[in-house]
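# Results of the structural survey
The residues making up each chain are set out below.
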Amino acid sequence: MTAQEVRLCGLLLQEHFGEVVERIGTHLLRGGAQNLRTIANETNTPLDLVKKSLCVLVQHGACEFGSGRRGPGSPVEYRASCERVLRVLRYPRYIYTAKTLYGDTGELIVEEVLQRGHMTMSNTVKTVADRLTHNMEEGRSMEYSEVVSAFSKLVETHFLQRCPPVAEMGTAATSTNPATPGTPAASASTAPPTAESNPDCYKLPHVTLIGRGKRRRSSDDSEEQRGGKKAKMDSESCGDEGIYWQVNFERFHQHFRDQAIISAVASKLDQTSSEIVRTMLRMSEVTTTQTAAYTQPLSANEIFRSLPPNYSISRPILDQYLSLLVDDPMEFVGKSGDSGGGMYVVNLQRALANLARATLESVVQERFGSRSARIFRLLLRKRHLEQKQVEDFAMIPAKEAKDMLYTLLSENLVQLQEIPKTPDHAPSRTFYLYTVNQLPTARLLLQHCYKTVANLIERRLFETKENKRLLEKSQRIEAILASLQASGAEPEQLTEVEEMITAPERQQLEALRHHINKLDSTENQVDETVFLLESYIFSTKTK
Amino acid sequence: MAGRGRGRGRGQMTFNLEDVGIGRGDSLPPTTFKPSPLFPPMPVQPVPLQTGEEVEYMLALKQELRAATKTLPFYIRRAAPKRDVDRYSDKYQSGEPKDSTIEWSPDWSRLPKELCIKVRENRGKRPTPQVKRTKKPLVGKEEILIKLETLEKKEEAVNSEEEQDEEKKKTNEEEEQADEEDYEEDFEEDTDYIMSYFDNGEEFGGDSDDNMDEATY
């Protein structure tokens, strides 16, 4: 939990859940596991507000609770998870991916579950059907069954999963029921149960939901009340109480990683090779664990059979492509055997390392120029080089090479390694070697990225605050215009209201909108880099 | 001996400068006397942002999500601080969030018991605030008040408005009407102000009708 991460988490919590939750959340992130009273005392917040914030954080999976350190009798302790809060930055990407895979219905399902933290299936289906009906034309409404089918597709491909069951706390010791073997085990283990440990993780509940989405009419309050009562009665009759579904972030990350590998192959080689790699990855989606270094071996025959029908390439050409992929220095695909026409694997870990390395090189290139990038790449390949050797290999004059090396050194992208010739470490008799370590440099860049996103958010908040008066005025005028149009006003009245905003103000508003859009889309783009670096670092951790 | 070499060319150092790469006669960059500027000028301009349908769609999604989260019940706002006096409109404006209630109902079985907090129920309009009252002490209070009243009327030194407020707070809708009949007080008799001192201004300006030539101030 570095300072930059905590700062970014604080800003994200503030934007999405308000200042109270932000204060409690950052306190938990900085201080580790604490119990309720400690939090309330140290943050000087009333106990009720603390309780509310903790409920919100637990609802969204950002906070976990467990029995205290002193055993089952001590008060419950809460622990916030920095990683989970940082996921909030990636919500638009998750929703867009769901849209590309499962259409509008899938998009809305994922959006609803993300916004609410976790939901029951029946609740989700109803809300999504209502929203879809709202967007359709008059007279048409959305069937629950369509939404249910989209939901089940999402569950089958593991994009949604059941929430892990909550471990019993404190009652296990006093429980007189010995026939529940699960509870003593859960209280004895110190790790909270993950979603994957539940064997029913991806099983749909047996609930029949029949109905159509209801269109909400804003003018008809009585109908809404009656509709509300009906909805309440319906939710009581559904049989899936207590089964909550959450978004499976790891599966989405797997998908993003696959996409990154495929696009890298496409840009390095060609479209056909990327299709081959895509087929291989698709075939090993369910068989590969999340932290595997490479996929399960696939024979060339299987790959040939599973290629998409519109990519009709002959068998010898496929073999040629596969050997090309294996020989490529990027090492995306490796050959692990010769049976079945050749067994091929996709080297996931190596691919991620290569992608991270390409990111680092590109960062150096954009910030310091292509010659510094040449020195950086050289050091990555040759590991340790002396000053003179750097100048010779990079073919850069001594003075400039020295300058660039020192700039990189001051930015901590390059490190100096001393190798003494004599035991007294005399400087005149020591080798000074320049070196680049990929993993620490990746971590450094990741922290820079977090700092960047935090700065972007702060700048956006600052811009919004500066022009608050203008924004409020424009919102009020839009509301007036909308109400006038709804009640059917003449065009002269509309133009009169529109003219209440003067031309320079309009320009200012335009510029403000442009800036905010730019800042927002920059956040999205930086998040892509964050994802790459995070995946790389995570893949090296679990060696 | 100390101070030898100071000021003459570069100072002596424990390691060989040649090895690090600073040759003879090379000039070093000037020493800095202040911290580096907050926004240093960039030698290279950053690459322009990505554009495209996908990027714009995600941008729109992000902004919509941000706007939507402000309306959800998960956005916790502090309750507005209590104003100095209770106002009449407080009865009718119950839309403000209160610290002690939660706006949505989570599944309490998944949360530890200590987090349980009252769920705020948005009932229909309740114009009169629901008030706890017990009958016995009320009856007792009424008797005492009636006794006091008779005493007051005898002495003419009472503040009747206090009584009226207390009664109204403690009675129900049905009882209000009954109570009102008991109090037929004359406004003038029971105030603190001595009536002879008060001049309600009715006599003022009555003379001005006769003399229109003079200016009135």
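- Under an unreviewed UniProt entry, chain B has the name DNA-directed RNA polymerase III subunit and belongs to Salvelinus namaycush.
- The UniProt entry for chain B carries the following text under Subcellular location (unreviewed entry): "Nucleus".

- Looking at an unreviewed UniProt entry, one finds chain A named DNA-directed RNA polymerase III subunit RPC3, with Salvelinus namaycush as its source organism.
- UniProt lists a comment for chain A under the heading Subcellular location (unreviewed entry), and it reads "Nucleus".
- The UniProt entry for chain A carries this comment under Function (unreviewed entry): "DNA-dependent RNA polymerase catalyzes the transcription of DNA into RNA using the four ribonucleoside triphosphates as substrates. Specific core component of RNA polymerase III which synthesizes small RNAs, such as 5S rRNA and tRNAs."

## As for the nonpolar core
- Counting residues in hydrophobic clusters, the biggest one holds 76 residues, and the most contacted among them are Leu8, Leu54, Tyr78, Ile375 and Leu379 of chain A.
- The element best represented in this core is helix 20 (residues 438-466) of chain A, accounting for nine residues.
- Discounting residues that sit within four places of it in the chain, Leu54 of chain A has contacts with Ile24, Leu28, Leu36, Ile39, Cys63 and Tyr78 of chain A together with Leu115 of chain B.
- Listed in part, the 36 residues of the second largest apolar core include Tyr96 and Val128 of chain A together with Met58 and Leu61 of chain B.

## Details of helix 6 (residues 91-116) of chain A
All names here are of chain A.
- A rise of 1.5 Å per residue sets the reference length of helix 6, with its 26 residues, at 38 Å; its end C-alpha atoms lie only 12 Å apart and thus fall more than 12% short of the reference.
- The largest bend along helix 6 reaches roughly 145° and is located at Tyr102.
- With 20 of 26 residues buried, helix 6 lies mostly within the body of the structure.

## A word on the sheet that holds strand 5 (residues 160-162) of chain A
Residue and element names in this part refer to chain A.
- Here three strands make up an open sheet; going across it, the order is 4-6-5 and the pairing antiparallel. What marks the edges here is a single partner per strand, and that holds for strand 4 (119-120) and strand 5.
- Both strand 5 and strand 6 (residues 244-247) contribute to a ladder of three bridges, which runs antiparallel. Among the inter-strand pairings, Arg162 is bridged to a residue of strand 6, identified as Trp245.

Conventions we followed
Every chain is numbered independently, its residues counted from 1 as its sequence is written. Key to labels: chains lettered from A, ligands numbered from 1, both in the order written. Local features in a predicted model are, by the rule used here, given only for residues with pLDDT of at least 70; side-chain atom pairs are given and counted only at 80 or more, and totals for whole chains, interfaces and linings are based on all residues. Side-chain numbers come from the whole structure's heavy atoms, not from hydrogens or water. UniProt positions are given in the numbering used here, feature names are shortened, and annotations may be inferred rather than shown by experiment. Take the buried Ala, Val, Leu, Ile, Met, Phe, Trp, Tyr and Cys residues and link them wherever side-chain atoms come within 4.5 Å; each set so joined is a nonpolar core. Think of it in three bands: residues with accessible area under 20% of the maximum for their type are buried, residues over 50% are exposed, and the middle band is partly exposed, with areas taken using a 1.4 Å probe on protein chains only. Each helix is a run of DSSP H or I of at least 4 residues and each strand a run of E of at least 2, with the numbering of both proceeding from the N terminus. By the convention used here, residues are in contact when the closest approach between their heavy atoms is within 4.5 Å. The span expected for a helix works out to 1.5 Å for each residue beyond the first. Bend angle per residue: angle between axes fitted to the 7 residues ending at that residue and the 7 residues starting there. Should DSSP find at least two bridges between two strands, the strands are regarded as paired.

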